[in-house]
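Examining the three-dimensional arrangement
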Amino acid sequence: MEVFGVGIIGCGNISGIYLHNLPKGAGLELRGVADIVPAAAQAKADEHGVPAYTVDEILARDDIQIILNLTIPDVHAQVSAQIVGAGKHVYSEKPLGVDFAETKAMLDQADAAGLRVSCAPDTFLGAGARVARGLIADGTVGDILSGQITIMNHGHEHWHPNPGFYYLPGGGPVMDMLPYYLNALINLIGPVARVRSVNSAPFSERLVTSDGPMKDQTVPVSTPTTLHSLLEFENGAQIISAASFDVWKHGNRPIELHGTKGSLRVPDPNHFGGDVEVAIGREDWAVHDTGAMPMGVNNWPLNKEFDRANYRAAGVAEMAMAIRENRPHRANGALALHVLDVMLAIVNANPEDGPTKIETTVAQPDLMTEEQAAALFV
Ligand SMILES: NC(=O)c1ccc[n+]([C@@H]2O[C@H](COP(=O)([O-])OP(=O)(O)OC[C@H]3O[C@@H](n4cnc5c(N)ncnc54)[C@H](O)[C@@H]3O)[C@@H](O)[C@H]2O)c1
């Protein structure tokens, strides 16, 4: 099997799970890390026994063909363009960028160079999403007509040591969390055609209560933190999206979809596993446990009792597999650009203007077989 040398730019909070999972990715070999803050790269390098580089050094490495961009959203497109400029494939954390034109230019640059761009979330490759997709693909719940998604919590300042970016343009619950839900929904029912939304920012600043350098300081809010939207999909489905960083507690399901024959409860798309529930007609909910399936087995958090499946980096292994097999990869740049298009339409919506037509579209990713899923990690 062709082995790809992998590097990481951005050694912050989320890099830990990638550093943990990458060495198990089929045909992937972690060969170095970099960060704009050298100490951050050095700490991860020491922990994982790989070299620490500067950003320029890692871009120049001949033994690295794929670079993960785990920096903050504001610089994603810029750093990905640097990676592409260095002749390497990119796997970016979400969102692919925060500015549509800049992000599309980066994708065009990659296309012209024959390089792949892949983007998180890759959770839709997980066991929960595969079972849900199967129940739609085999006609069990019929055609999806409607549904709702719920992304509600009280923000990240109680756990993230440096949460300021979540409250700047590019942050907020939509830019931060909707990629998980949109990837899940596009995988299940296809692309979005139109959106409308009503948005607000009820708090002008947020108090950081997490341990770290920001504790007891406030960060300013300059992006909406409560956004209630209606998404019309190309297949006609109408999905209500409730996204807020201003909610202390709620009892809603992450994703509930209603089809012509029955209803489907899709597990939290921030995770790879979880129970899928299906009800046909007026029958009771039947539970599909995905806990023994590839990318359904609980493996996280480390040093505690595992309570979820976290296979982040699956998308990197899937892109490598797709390059080897000379076929499109599933968490591709066109999908991430469409997701960005939808998110920007929501964030920038003015209810007085009526619905926003989404100009981009994307093909529904191919259904992933269990054999393909099992082959991503060794
Ligand atoms: N923290 C999470 O639980 C989580 C979960 C899923 C996805 N994400 C996404 O992952 C990304 C990173 O989040 P995080 O929580 O790790 O942030 P973070 O602030 O903890 O880490 C980001 C790192 O990138 C580095 N960096 C910033 N600009 C850089 C540049 N131009 N060149 C090189 N390095 C640069 C920073 O020094 C920092 O070490 C974000 O897009 C976020 O949405 C985070």
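You'll find the protein chain entered in an unreviewed UniProt entry as Oxidoreductase, with Actibacterium mucosum KCTC 23349 given as the organism.

1. Description of the nonpolar core
Within the largest apolar cluster, 88 residues are counted, with the highest numbers of intra-cluster contacts made by Tyr-18, Leu-22, Leu-68 and Leu-264. Take this core: its biggest share by element is twelve residues, from helix α7 (residues 172-189). Summarising the domain contributions, this core has at least three residues from each of domain 1 (4-119) and domain 2 (123-373). Setting aside residues up to four positions removed in sequence, Leu-68 forms contacts with Val-6, Gly-7, Ile-8, Ile-9, Tyr-18, Leu-22, Tyr-91 and Val-316. Judged by nonpolar contacts, the second largest core, of 21 residues, contains Ile-9, Leu-59, Val-79 and Val-84.

2. Comments concerning the environment of Gly-251
Note on placement: Gly-251 falls in the loop between β12 (238-244) and β13 (255-259). On a C-alpha basis, the gap between Gly-251 and Thr-150 in space is 9.6 Å, while along the polypeptide they are 101 residues apart.

3. Some remarks on the site of the ligand
Around the ligand, the structure places 24 residues, and the nearest of them are Asn-13, Ile-14, Asp-35, Lys-94 and His-160. In this structure, Ile-36 approaches the ligand through a main-chain N or O atom, which is 3.2 Å from a nitrogen atom. Residue Lys-94 places a side-chain N or O atom 2.9 Å away from an oxygen atom belonging to the ligand. Contact with the protein chains removes 86% of the 820 Å² of surface that the ligand exposes when unbound. Taken together, the residues that form the shell around the ligand break down as 14 nonpolar, six polar and four charged. Counting contributing residues, the shell around the ligand receives three or more from each of domain 1 (4-119) and domain 2 (123-373).

4. Concerning the side chain of Ser-244
Among the structural elements, Ser-244 can be located in strand β12. At 2.9 Å, the side chain of Ser-244 forms a polar contact with the backbone nitrogen of Asp-246.

5. Points about the pairing of strand β1 (residues 4-9)
As a general feature of sheets, a regular strand has side chains that alternate between the two faces. When you tally the buried positions in β1, you get six out of six residues, the bulk of the element. Across the two faces of β1 the burial is the same, with Phe-4, Val-6 and Ile-8 and Gly-5, Gly-7 and Ile-9 all buried. Between the parallel pair β1 and strand β2 (residues 28-34), the chain is carried across by helix α1 (residues 15-21), and the sense of this crossover is right-handed. Of the strand pairs in this sheet, β1 and strand β4 (residues 66-69) are connected by four bridges, and their pairing is parallel. Counterpart to Gly-7 in the pairing with β4 is Ile-67.

6. Quick word on the UniProt feature "domain: GFO/IDH/MocA-like oxidoreductase" (unreviewed entry) in the protein chain
What UniProt calls "domain: GFO/IDH/MocA-like oxidoreductase" (unreviewed entry) maps, in this numbering, to residues 131-265. Between the end C-alpha atoms of residues 131-265 there is a gap of 11 Å, over a span that is 19% helix and 36% strand.

7. Here's the deal with the domain arrangement of the protein chain
One can read the domain layout of the protein chain as domain 1 (4-119) and domain 2 (123-373). Put simply, the middle of domain 1 and the middle of domain 2, counted by C-alpha atoms, are 23 Å apart. Listed as interface residues are 34 residues of domain 1 and, on the opposing side, 39 residues of domain 2. Surface buried jointly by domain 1 and domain 2 totals about 2800 Å² across both partners, of which 71% is contributed by carbon and sulfur atoms. The largest contributions to the domain 1 side of the interface with domain 2 come from Lys-94, Phe-100 and Arg-116, which together make up 24% of the buried area. The interface formed by domain 1 and domain 2 holds one salt bridge in total. Of all the elements in the fold, those that place two or more residues in the side of domain 1 that touches domain 2 are α1, β4, β5 (89-92), α5 (100-113) and β6 (117-119). Here the side of domain 1 that touches domain 2 is built from residues that sort into 20 nonpolar, nine polar and five charged.

Conventions we followed
Residues numbered from 1 in each chain as written. Predicted model: local features only at pLDDT ≥ 70, side-chain atom pairs only at ≥ 80, totals over all residues. Heavy atoms only, no water. Core = buried A, V, L, I, M, F, W, Y, C linked by side-chain atoms within 4.5 Å. Buried < 20%, exposed > 50% of the residue type's maximum accessible area, 1.4 Å probe, protein only. Helix = DSSP H or I, 4+ residues; strand = E, 2+ residues; numbered from the N terminus. Domains from an automatic or database assignment. Contact = heavy atoms within 4.5 Å. Near = heavy atom within 4 Å. Polar contact = N/O pair within 3.5 Å; in protein donor to acceptor, adjacent residues only side chain to side chain. Areas by Shrake-Rupley, 256 points an atom, 1.4 Å probe, with all protein chains shown as cover. Nonpolar A, V, L, I, M, F, W, Y, C, P; charged D, E, K, R; others polar. Right-handed = clockwise from strand over helix to strand, strands pointing away. Pairing = 2+ DSSP bridges. UniProt positions renumbered as here; feature names shortened; annotations may be inferred. Buried area = accessible area lost by both parts, 1.4 Å probe. Salt bridge = Lys/Arg side-chain N within 4 Å of Asp/Glu carboxyl O.

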